[in-house]
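Coordinates in review
Listed below are the residues making up each chain.
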Amino acid sequence: MSSPSQPYRGRLAPSPTGYLHLGHARTFWIAQERARVRGGVIILRNEDLDATRFRLDFVDAMLTDLRWVGLSWAEGPDVGGPHAPYNQQARRPLYRAALARLHAAELIFPCTRSRRDVIEAAGAPHEGPDGIADEPVYPAAFRPAEGTPLPPLGDPITTNWRFRVPDGEELRFTDGACGEQRAISGRDFGDFLVWRKDDVPSYQLACVVDDAAMGITEVVRGADLIRSTFRQLLLYRALGLPSPAFYHCPLMNDEKGERLAKRHDALSLRTLRERGVTPESIIRQFNHG
Ligand code: GLU
């Protein structure tokens with residue numbers, strides 16, 4: 001864990017795969033407030049690795065909409081900073097170096113199973129205790145036997161690589177918002193992707209490498225990522241990196257009780273602005289919970 005005496009560094013890490021909505025804004029507002037009361041800074045990282053859903057116009061929209069609602073950042077793709085670049089696509093060498101370390105330590109394995117194989121063997125997508133859908137637990141029977149020599153990673157990478165999670169280890173962390181969290185690796189979640197066969201680093205790996213490299217002391221994000229935090233804690237440990245503190249914000253639902261998603265155009269910041277909603281009224285709403 002990072003030491004409490006370090007200056008606070010938080011981050012906003014949106015993905016430009018759609019228009020940001022009120023739920024994103026609320027989480028980012030909380031992140032900004034937590035930094036502000038601690039006299040810390042917020043950085044913005046553009047998580048643009050998902051080339052299939054990524055659109056350049058969403059990057060501009062993201063920056064514009066976040067500024068419109070009153071968010072600001074000390075470092076980011078548009079303002080630069082000591083940890084540049086702040087676009088994940090430009091940071092691939094760092095992820096690749098981390099992958100090479102996991103490979104050298106034999107903590108990963110190549111996986112030729114399709115998503116369908118995994119779903120068929122593991123059953124329906126796994127749901128956490130909070131009802132948040134998670135990926136199915138990777139069946140242990142699909143793992144290569146321990147000690148099987150690893151093929152080289154290759155360049156470009158054309159196989160999925162997964163992190164081998166310890167069997168039955170209880171992992172814990174204390175979340176700043178949600179309290180004590182526990183999960184058992186291999187039971188609550190299984191071997192997860194660190195690199196995809198289309199040569200793209202996974203979110204889990206990129207996020208850990210960046211949060212560590214950018215000196216983030218507290219990660220504030222949506223509660224849908226609590227399960228990911230356990231995976232990330234295993235990566236911090238495997239890479240010998242200090243882990244930040246975590247603060248997972250409750251997710252926002254619409255009036256029908258459905259979780260807000262990027263397809264929810266009605267509550268996108270864009271639409272709200274076009275309808276004449278002011279940032280002040282949005283922030284007032286956040287401040288009143
Ligand atoms: N980029 C991720 C998303 O938009 C968030 C990652 C994070 O905050 O760790 O869902």
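Residues numbered from 1 in each chain as written. Predicted model: local features only at pLDDT ≥ 70, side-chain atom pairs only at ≥ 80, totals over all residues. Heavy atoms only, no water.

Turning next to the site of the ligand. If you check the shell around the ligand, you find Arg11, Ala13, Ser15, Glu47, Tyr203, Cys207, Arg221 and Leu225 and nothing else. A distance of 2.8 Å is found between an oxygen atom of the ligand and a side-chain nitrogen or oxygen belonging to Arg221. Calculation on the ligand without its partners gives an accessible area of 300 Å², and the protein chains cover 78% of this total. Partitioning the shell around the ligand into residue classes produces 4 nonpolar, 1 polar and 3 charged. (Near = heavy atom within 4 Å. Polar contact = N/O pair within 3.5 Å; in protein donor to acceptor, adjacent residues only side chain to side chain. Areas by Shrake-Rupley, 256 points an atom, 1.4 Å probe, with all protein chains shown as cover. Nonpolar A, V, L, I, M, F, W, Y, C, P; charged D, E, K, R; others polar.)

Moving on: the pattern of salt bridges. One pass over the structure, following the stated rule, counts 23 salt bridges. Residue Glu75 pairs with Arg9 through a salt bridge whose shortest N-O separation is 2.8 Å. One end of the pair, Glu75, is in the loop between α2 (56–68) and α3 (92–104); the other, Arg9, is in strand β1 (residues 9–12), and 66 residues separate them in sequence. For the pair Glu75 and Arg9, one class covers both residues: buried. Taking the shortest distance from any N to any O, the salt bridge between Asp191 and Arg143 comes out at 2.6 Å. Here Arg143 lies in the loop between β5 (133–134) and β6 (160–163) and Asp191 lies in the loop between β8 (179–185) and β9 (192–195), a separation of 48 residues in the sequence. When sorted by exposure, Asp191 lands in the same class as Arg143, which is buried. Within this structure, Arg11, Arg45, Glu47, Arg91, Asp210 and Asp211 form a network of salt bridges that share partners. (Salt bridge = Lys/Arg side-chain N within 4 Å of Asp/Glu carboxyl O. Helix = DSSP H or I, 4+ residues; strand = E, 2+ residues; numbered from the N terminus. Buried < 20%, exposed > 50% of the residue type's maximum accessible area, 1.4 Å probe, protein only.)

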